[in-house]
Structures are given as C-alpha cells and as structure tokens.
Amino acid sequence: MNNSTYRFSLDLDKQDSQEYVTVRRGDTAKRLSVLITESGTPYIITDGTAAVLAARKADGSYISAACEIVDNRIEVTLPATFTASIGRLTACFGLSGGQAALSSPSFTIFVDDKPTA
C-alpha cells in the first residue's frame, strides 16, 4: 500500500499555527512532506541536520517521531502513536545539528474518528 502524502510549507517568520492536517484514528499511511521557508524563500537544511516531529496531545502528554530530510524537505510518516486517539495535536519540527537548534512554527494535526458503517 502506498502512503498518502500531504505537502505543505511552514514559514519561520510566522509563528501562528500555519496548517491543519486531518487524519483518521488508526491511520499509519499518512506521510508529511514539509518545506521550511524564511519569508517565503526556502530555508536550506544543511547535511548532517537531524529532524524530529514533536507534538502535544490533547491530554497534555508529548510524543515525537524521527524524520528524514529528502531534497531539502522534512519527511515523516505519522506513526500509530500520533493517530491512536481522536483529538487535536499541536505539532512542530525540531532541527538540530552541531550545537545549533531551530524549531519550526506550529501546525495542527487533527485526528478524527473513523465513520461507522
């Protein structure tokens, strides 16, 4: 089965939640592909930079997932821990390399219940 990929960008110069990603409870084939920009210009992610998707769940607990950097985009397939419960997750990406660290603006992942038949 192929992943469903949701592509969007986050601008470092804007700190409000910039995107809403909706998934269904239990989805494990939803991939995020994110371009980080600065005032609309692509932010260059240098070799050796690590990326992590971090989120605060509705109950206040935190979860995270390692990401890949592919062609200057942050890529991650949402693990089951992100879609296990319905509700809203406030998420961001953390980039780190050497002794430097940078966080992306936040975005929202909304986990909706599966429709019943």
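Tracing the backbone shows Val-21 in strand E2 (residues 20–24). Separated by 88 residues in the primary sequence, Val-21 and Ile-109 have C-alpha atoms spaced 4.7 Å apart. What Val-21 contacts, discounting residues up to four positions off in sequence, is Tyr-6, Phe-8, Leu-32, Phe-107, Thr-108, Ile-109 and Phe-110.

For the rest of this paragraph, the subject is the packing of aromatic side chains. Applying the stated criterion across every chain yields a total of three aromatic pairs. On the basis of an interplanar angle of 25 degrees and a centroid distance of 5.4 Å, the ring pair of Phe-93 and Phe-107 is categorised as stacked. In this pair, Phe-93 is assigned in strand E9 (residues 87–97) and Phe-107 in strand E11 (residues 107–112), connecting sequence segments 14 residues apart. In this pair, the class of Phe-93 matches that of Phe-107, namely buried. Members of the aromatic cluster, each reached through a chain of ring pairs, are Tyr-6, Phe-8, Phe-93 and Phe-107.

Attention now goes to empty space enclosed by the protein. If you walk through the whole model with that rule in mind, you get one cavity of 30 Å³ or more. In this structure, the largest cavity occupies an estimated 40 Å³ of space. Leu-12, Ile-36, Ile-74, Phe-93, Leu-95, Leu-102, Ser-103 and Ser-104 together form the lining of the largest cavity. When contributions to the lining of the largest cavity are tallied by element, the ones reaching two or more residues are E9 and strand E10 (100–103).

Here is what the cut-offs are and how they apply
- Residue positions are given per chain, counting from 1 as you read along its sequence in written order.
- The predicted nature of this model means local features are confined to residues of pLDDT at least 70 and side-chain atom pairs, given and counted, to a pLDDT of 80 or more, with totals for whole chains, interfaces and linings taken over all residues.
- Side-chain figures throughout are based on the complete set of non-hydrogen atoms in the structure, without hydrogens or water.
- For helices the rule is a DSSP run of H or I covering at least 4 residues; for strands it is a run of E covering at least 2, with both sets numbered from the N terminus onward.
- The contact criterion used throughout is that any non-hydrogen atoms of two residues lie within 4.5 Å.
- Pairs were defined over the aromatic rings of Phe, Tyr and Trp, the Trp ring being its six-membered one, requiring ring centres within 6.5 Å. Orientation was assigned from the angle between planes: stacked under 30 degrees, edge-to-face over 60, tilted for the rest.
- Exposure is judged per residue with a 1.4 Å probe applied to protein chains only, and the accessible area is read against the type maximum: over 50% gives exposed, under 20% gives buried, and values in between give partly exposed.
- Grid points spaced at 1 Å and placed over the protein atoms alone form the basis of the search, with a cavity being a set where a 1.4 Å probe fits but cannot get out and a pocket an open set showing protein on both sides within 12 Å along at least five of seven lines. Lining residues have an atom within 4 Å of a point.
- Grid points are joined across faces, edges and corners, and a volume is the space filled by probe spheres set on the points.

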